[in-house]
Amino acid sequence: SSSFKKKTGTMQAAMTMNTLGLAGAARPSARVSAKKASVFGAPKALVGKSTVFSVRRSVAPHGVRVMAAAEPIMEPLFKGIKDDLAARGPLYLDDFKQGISTKSLASIFFLFFAALAPAIAFGAVLTSATAGMLGATEVILATAIGGVAYSVLCGQPMSILASTGSVVTYTAILYQTCVAQGLPFFGTYAWTGIWTAIILMFVAVTSSSNLVRFFTKFTDETFAALVAIIFCVESSKKIIMMFFNSNISSTLAMGSCMVAVVTLGTALAISNFKSSPYGPAGIRTAIGDFAPTIAVGAGVVFAQWLAANYGFAFEALSLPDSLAPTANRPWIADLAAVPNNIKLMTMAAAPACAILLYMDQNITTRLVNNSAGLKKPGAYHLDMFWLSIITGLTSICGLPWICASTVHSITHVKSLTDTTKDMNTGRDVVTGVTETRWTSLILNGLIGLSIVSLKPVLVQIPMCVLSGLFFYLGLAAMRGNEFLERVSMLMITDPQEMPKTHPLVEGGVDLGVLKKFTVMQIVCLGVMWWVKGSPAAMLFPILIAALGPVRIIAGKAGWFSQSELNLLDEQVETDPGYVKA
């Protein structure tokens, strides 16, 4: 909509590093005061006060970057949801008008493969962890049905819902507990999910997502880096472990590795073609947008050539045979048949599940809302409302719980982002984002059709092709992560050797301070990585939540001066010398 192309009103904006922009793009990140609500030219009436509390940053008169005026953690019932509806409602039709483009089509093709294969992989893990109670059919249906409903009803359609590793881990532990205690799994699962949905509904109607204002770039970048690294490591591990599997020949392992490398290399080469000087810019951009899709095609062709000429038998994508449940059961759980004592017992298990979904959902949504180029306001409370509904319905149907997936959501935004090269710094600058509902709507619809209509085609795709695509997905999510950029500066000993065009260097940050702040993030990342793979994996969402307090302690304990935190991160209201916007 043209109303979003122009900035109007009086807003003070600080040029800051983009948390997750392409190639470290800088962005003007305007944080709007609730009292002077105007988001990139949107009329004041379109912007609900509670929707902007953590989406933009503003500048105090003396230049300190601060968070917006503090709001209460809890507000009157449904106030946050009403404000979100007031902000996003008038923009609803525009969400569909913006999505009719080749860029949206390229995004759908890319994310289809990127979302379907993990759903199948998580299904296989669930089948093993629950002794066949849940499987790929349930994961695909939850992703498709929940994703379609969310894309139509939510406030921020750029977020992509999916099952996550932490949800799978929680479900596996819940099943083991049921077996140990002799409890009916599906009844226990359903009631745990119902209580979880009630907790999330309470969070939505009381605007308790306001807590995310205590999260800063410190939390965003550390969590995003962890998830992106997981994608790269897991995709690499699948190929590397083939060389140590006695049931797989070294020739097949090498062939699979070659196919994965060809897929990855093709995606990177074509994606980088957008910034090359060859050919008209429009054609370069169009070809670059389809880089992942072209890479999958190139990987499949190369794999088929190896199979035809050298007899390779690659493992292919496997889909369920039908829409029937994995276990012999009805789709709807008999809630009344569950004993009352079990209903009450599940109340104790629900808070941990609610924390897990709350953290995954809100941190991912915050990352999306803070992405460079987005002009429409977020809607944390409205999104949480619909997530609670979806959680309750999936629980009753015995489907896996889903929430906003970090890597898929970030990649979704980037795939719809337009950039231009800054000739002075050589860095990409975001010029706009296609903010649409079409991509997630069609994407999830196609995932649902994968079992019914697309199976003959999809089963021809080797898994090694998807391994290469997943590695590219992880690399794409790392681009523009300021934390990872700072990691590369740790080996620099001479301040004169720091990159002159980096925004932190231009801002005058001290090299020693930069290293200390980065090491603090690396330690947090390392602890989360260790816990993720340990028997204490259930504590993972609590550790994510702890990133906010760690950053607050760093400010209150005097580990960094306020001016240093202003350069490296965002100021929060608990910092000494906090200046309210």
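Residues numbered from 1 in each chain as written. Predicted model: local features only at pLDDT ≥ 70, side-chain atom pairs only at ≥ 80, totals over all residues. Heavy atoms only, no water.

J.: Honestly, the overall build of the protein chain in this entry has me stumped. Any pointers?
T.: Secondary structure assignment for the protein chain yields 21 helices and eight strands. Looking at the protein chain residue by residue over its 581 residues, the buried ones come to 57%. For the protein chain, restricting intrachain contacts to residue pairs at least 6 apart in sequence, the fraction spanning at least 24 positions comes to 80%. As presented, the protein chain carries roughly 22,600 Å² of accessible surface, and 68% of it is formed by carbon and sulfur atoms. (Helix = DSSP H or I, 4+ residues; strand = E, 2+ residues; numbered from the N terminus. Buried < 20%, exposed > 50% of the residue type's maximum accessible area, 1.4 Å probe, protein only. Contact = heavy atoms within 4.5 Å. Areas by Shrake-Rupley, 256 points an atom, 1.4 Å probe, with all protein chains shown as cover.)

J.: Could you clarify how one ought to interpret the packing of helix α5 (residues 165-181) against helix α6 (residues 185-205) in this entry?
T.: How two helices sit against one another is set out by the angle between their axes and by the gap between those axes. Between α5 and α6, the least distance of the axes is 10 Å, while the angle of their chain directions is 130 degrees. In terms of orientation, α5 lies oblique with respect to α6. Crossing of α5 over α6 shows right-handed handedness. Contact with α5, carried on its side by Y170, T171, L174, Y175 and C178, involves F185, T188, Y189 and T192 of α6 and no other residues of that element. The residue inventory of the contact of α5 with α6, partitioned by class, reads six nonpolar, three polar and no charged. (Axes fitted to C-alpha atoms, helices over the stretch in contact; angles between N-to-C directions. Parallel < 35°, antiparallel > 145°, perpendicular 65-115°, else oblique. Left-handed = near helix turned anticlockwise from the far one by under 90°. Nonpolar A, V, L, I, M, F, W, Y, C, P; charged D, E, K, R; others polar.)

J.: I'm lost on a nonpolar patch on the surface in this one. Help?
T.: A cluster of nonpolar side chains, contributed by I240, M241, F243, F244, M254 and M258, occupies part of the molecular surface with about 620 Å² of accessible area. Relative to the elements of secondary structure, M254 occurs in helix α8 (residues 250-272). Under the relative-accessibility criterion, M254 is labelled partly exposed at 42%. (Patch = residues over 30% accessible without salt bridge, like charges linked within 9 Å, V, L, I, M, F, W, Y side chains within 5 Å. Salt bridge = Lys/Arg side-chain N within 4 Å of Asp/Glu carboxyl O.)

J.: Explain the environment of A124 to me, please; I cannot follow it from the model alone.
T.: Topologically, A124 is positioned in helix α3 (residues 102-129). Separated by 12 residues in sequence, A124 and A136 have C-alpha atoms that sit 6.2 Å apart.

J.: Please explain the pattern of salt bridges as it appears in this structure.
T.: It is possible for side chains bearing opposite charge to pair when their charged atoms get close. Throughout the structure, instances matching the rule amount to 14 salt bridges. The closest approach of N and O atoms between K79 and D83, which form a salt bridge, is 2.9 Å. Of this pair, K79 and D83 both sit in helix α1 (residues 79-88), separated by four residues, roughly a single helical turn. One connected set of salt bridges, linked through shared partners, spans R88, D94, D95, K376 and R437.

J.: I'm lost on the packing of aromatic side chains in this one. Help?
T.: Each aromatic ring pair is specified by the distance between its two centres and by the angle formed by the two planes. A complete count under the given rule lists 18 aromatic pairs for this structure. On the basis of an interplanar angle of 80 degrees and a centroid distance of 5.2 Å, the ring pair of F96 and W438 is categorised as edge-to-face. Of the two residues, F96 sits in helix α2 (residues 92-97) while W438 sits in helix α14 (residues 438-452), which places them 342 residues apart along the sequence. Overall, F96 belongs to the buried group, its relative accessible area being 17%. Look at W438 and you get partly exposed, because its relative accessible area is 30%. Above the plane of the ring of F560 lies K516, whose end atom (NZ or CZ) is 4.8 Å from the centre. (Phe/Tyr/Trp six-rings, centres within 6.5 Å; stacked < 30°, edge-to-face > 60°. Lys NZ or Arg CZ within 6 Å of the ring centre and 35° of its normal.)

J.: Looking at this structure, how should I read helix α20 (residues 540-556)?
T.: The end-to-end C-alpha distance of α20, which contains 17 residues, comes to 25 Å, matching closely the 24 Å that a straight helix rising 1.5 Å per residue would cover. The largest bend in α20 amounts to roughly 30 degrees and is located at A546, with the proline P549 lying one to four residues further along. For α20, the set of buried residues is F540, P541, I544, L547, G548, R551, I552, A554 and G555. Buried residues belonging to α20 abut α5, α7 (217-240), α11 (340-369), α19 (511-532) and α21 (562-568). Backbone geometry just downstream of α20 places G558 in the positive-phi region, at approximately 80 degrees. (Expected span 1.5 Å × (residues − 1). Bend = angle between axes of the 7 residues up to and from the residue.)

J.: Would you mind showing me how to read the environment of P351 here?
T.: Relative to the helices and strands, P351 is located in helix α11. Along the backbone, P351 and T192 are 159 residues apart, and their C-alpha atoms lie at a distance of 9.1 Å.

J.: Teacher, can you tell me more about the packing of α7 against helix α16 (residues 463-478) here?
T.: Where α7 meets α16, the closest approach of the two axes is 8 Å, and the angle between their N-to-C directions is 155 degrees. In terms of orientation, α7 lies roughly antiparallel with respect to α16. Handedness of the crossing formed by α7 with α16: left-handed. Where α7 approaches α16, its residues A228, I229, F231, C232, S235, S236, K238 and I239 are matched on the opposing element by M463, C464, S467, F470, F471, L473, G474, L475, A477 and M478. When its residues are assigned to classes, the contact of α7 with α16 shows 13 nonpolar, four polar and one charged.

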